[in-house]
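Chains, contacts and geometry: an overview
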Amino acid sequence: MQLLWNQSYETGNISVDNEHKEIFGLVEKILNEKFESKSEKIKKAIAFLANYTVRHFQNEEKLMEESNYPRTAEHKQQHADFVVTVGELQEKLRIGTEELNLSLIVNEVIVNWLTEHIIGSDKAMAKFYKEFKDAQKKKR
């Protein structure tokens, strides 16, 4: 699984971008560590994502609520769907789904979902939040 940060993922919101960079960096670190088996590596990456993304999603959702982001419900649903998907991957690991198949699933789900979500939903939310904060400054 390859999860390298690049500038095309920047949303313009420093805290959101820093958390995204941390997600990418820590997953890369996990994937570059030596493990007894590939499934142990996948298991650790999924466990990290299961824990970290919950906190990250909460932080994003606070920004949406603060700014009355009009697509909050849709964005929150995307987060909820991702949490469910990660839970399903954890279950597949627990019951011993074929390692190669699981590796492909993890790559498809995690790498593709994260990058598409950041480029689409997160960038739109961050742009709206910036406009909200700029409008607040002008009122002062």
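Anyway, here's the lowdown on the structure attached to this text. (Residues numbered from 1 in each chain as written. Predicted model: local features only at pLDDT ≥ 70, side-chain atom pairs only at ≥ 80, totals over all residues. Heavy atoms only, no water.)

1. Considering the overall build of the protein
Counting its secondary structure elements, the protein contains four helices and zero strands. Counting every position in the protein, which comprises 140 residues, the buried fraction comes to 36%. For the protein, long-range pairs separated by at least 24 residues make up 72% of all intrachain contacts whose partners lie at least 6 apart in sequence. Split by element, the accessible area of the protein, about 8,200 Å² in all, is 51% carbon and sulfur. (Helix = DSSP H or I, 4+ residues; strand = E, 2+ residues; numbered from the N terminus. Buried < 20%, exposed > 50% of the residue type's maximum accessible area, 1.4 Å probe, protein only. Contact = heavy atoms within 4.5 Å. Areas by Shrake-Rupley, 256 points an atom, 1.4 Å probe, with all protein chains shown as cover.)

2. Some thoughts on the packing of aromatic side chains
Scanning all chains against the criterion turns up nine aromatic pairs. Summarising the aromatic geometry, the rings of Phe82 and Trp113 are spaced 4.2 Å apart at their centres and angled 25 degrees between planes, so their arrangement reads as stacked. With a gap of 31 residues between them, Phe82 in helix H3 (residues 72–95) and Trp113 in helix H4 (residues 99–139) connect regions that are remote in the sequence. Between Tyr129 and Phe132, the aromatic rings sit 6.1 Å apart at their centres with planes inclined by 40 degrees, giving tilted as the arrangement. One end of the pair is Tyr129 and the other is Phe132, both in helix H4 and three residues apart, which spans about a single turn. On the basis of relative accessibility, which here comes to 10%, the residue Tyr129 falls in the buried class. Three or more aromatic residues link up through ring pairs in this structure, and these residues are Trp5, Tyr9 and Phe24. (Phe/Tyr/Trp six-rings, centres within 6.5 Å; stacked < 30°, edge-to-face > 60°.)

3. Side note on the nonpolar core
Ile23, Ile46, Phe48, Leu49, Ile110 and Leu114 are the most contacted members of the largest nonpolar core, which has 16 residues in total. Among the elements of the structure, helix H1 (14–32), helix H2 (38–66), H3 and H4 are those that each provide at least two residues to this core. If you tally residues by element for this core, the top one is H2, at seven residues. When sequence neighbours within four positions are dropped, the list of residues in contact with Leu49 reads Ile23, Val27, Ile110 and Leu114. Core analysis: the second largest hydrophobic core is formed by six residues, Val16, Leu63, Met64 and Tyr69 among them. (Core = buried A, V, L, I, M, F, W, Y, C linked by side-chain atoms within 4.5 Å.)

4. As for the environment of His79
Looking at where His79 falls in the secondary structure, it is placed in helix H3. For His79, a relative accessible area of 1% puts it in the buried group. Measuring from C-alpha to C-alpha, the distance between His79 and Val54 comes to 8.4 Å, with 25 residues separating the pair along the chain. For His79, the residues in contact, after removing those within four places along its chain, are Phe57, Glu60, Glu61, Met64, Trp113, His117 and Asp122.

5. Quick notes on H3
Taking 1.5 Å of rise per residue, the 24 residues of H3 would be expected to cover 34 Å, and the 35 Å separating its terminal C-alpha atoms lies within 8% of that figure. For H3, the complete set of buried residues consists of Thr72, His75, His79, Phe82, Val86, Leu89 and Leu93. Looking one or two residues beyond H3, the residue adopting positive phi is Gly96, at roughly 85 degrees. (Expected span 1.5 Å × (residues − 1).)

Don't take any of this as a statement about function, it's just geometry.
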